[in-house]
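# Close look at the chain arrangement
Listed below are the residues making up each chain.
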Amino acid sequence: MTGATHLLAGAAVYSLARTNLTRIRNIVPLGLALAFCSHFLLDAVPHYELSMPWQYALGAVAGLFILLIAWRTGDLYPFLAGIAGALPDAICISGISPAFNRLHDFFHFKAAFPVPFHLIYQEAALALFLALFLVVNELGAPLPTSHRH
Ligand SMILES: [Zn+2]
């Protein structure tokens, strides 16, 4: 998956946990841990790998988007959760832990065939859904007046 999708998923997982796990007094540690773990679940899904320049460009856009939401709400944790969601790839790229790289590779989708490019459209749809979820859940976007009861 792209870093952008991991960023958005991490932020969305945190936002979802904070909204729904209201009996937990401090959701931050669990929310960040769930965001980190979301990385492995997403990597297991068959996907097309974009080149690193695209990865960095899309990651920057997604990161700025989440940062904008954090600025609007005054809550930086969804942004930090986004970072947690993308962190496993950063750890792998840094090469600081071969054991972690093996763990990451264990969960990562292994293509036994040429991966079709159109899978990127499915990932783009997922990323857009996650972005929309963040807008609605974090900013509490009201429904249009025609949908109010
Ligand atoms: Zn990964």
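Residues numbered from 1 in each chain as written. Predicted model: local features only at pLDDT ≥ 70, side-chain atom pairs only at ≥ 80, totals over all residues.

## Things to note about the environment of His 47
- Relative to the helices and strands, His 47 resides in the loop between helix H2 (28-43) and helix H3 (52-73).
- Judged by the 20 C-beta atoms lying within 10 Å of it, His 47 is buried.
- Setting aside its immediate chain neighbours within four residues, His 47 contacts Met 1, Phe 109, Leu 119 and Glu 123. (Helix = DSSP H or I, 4+ residues; strand = E, 2+ residues; numbered from the N terminus. Buried ≥ 20, exposed ≤ 12 C-beta atoms within 10 Å, placed from the backbone. Contact = placed C-beta atoms within 7 Å.)

## Overview of the packing of helix H1 (residues 3-20) against H3
- Contact geometry of H1 with H3 gives a least axis separation of 7 Å together with a crossing angle of 25 degrees. On the basis of their axis angle, the class for H1 and H3 is roughly parallel. Taken together, the residues of H3 that come into contact with H1 (itself represented by Gly 3, Ala 4, Leu 7, Leu 8 and Ala 11) are Gln 55, Leu 58, Gly 59, Val 61, Ala 62, Gly 63 and Ile 66.
- Across the contact of H1 with H3, the residue classes tally to eight nonpolar, four polar and no charged. (Axes fitted to C-alpha atoms, helices over the stretch in contact; angles between N-to-C directions. Parallel < 35°, antiparallel > 145°, perpendicular 65-115°, else oblique. Nonpolar A, V, L, I, M, F, W, Y, C, P; charged D, E, K, R; others polar.)

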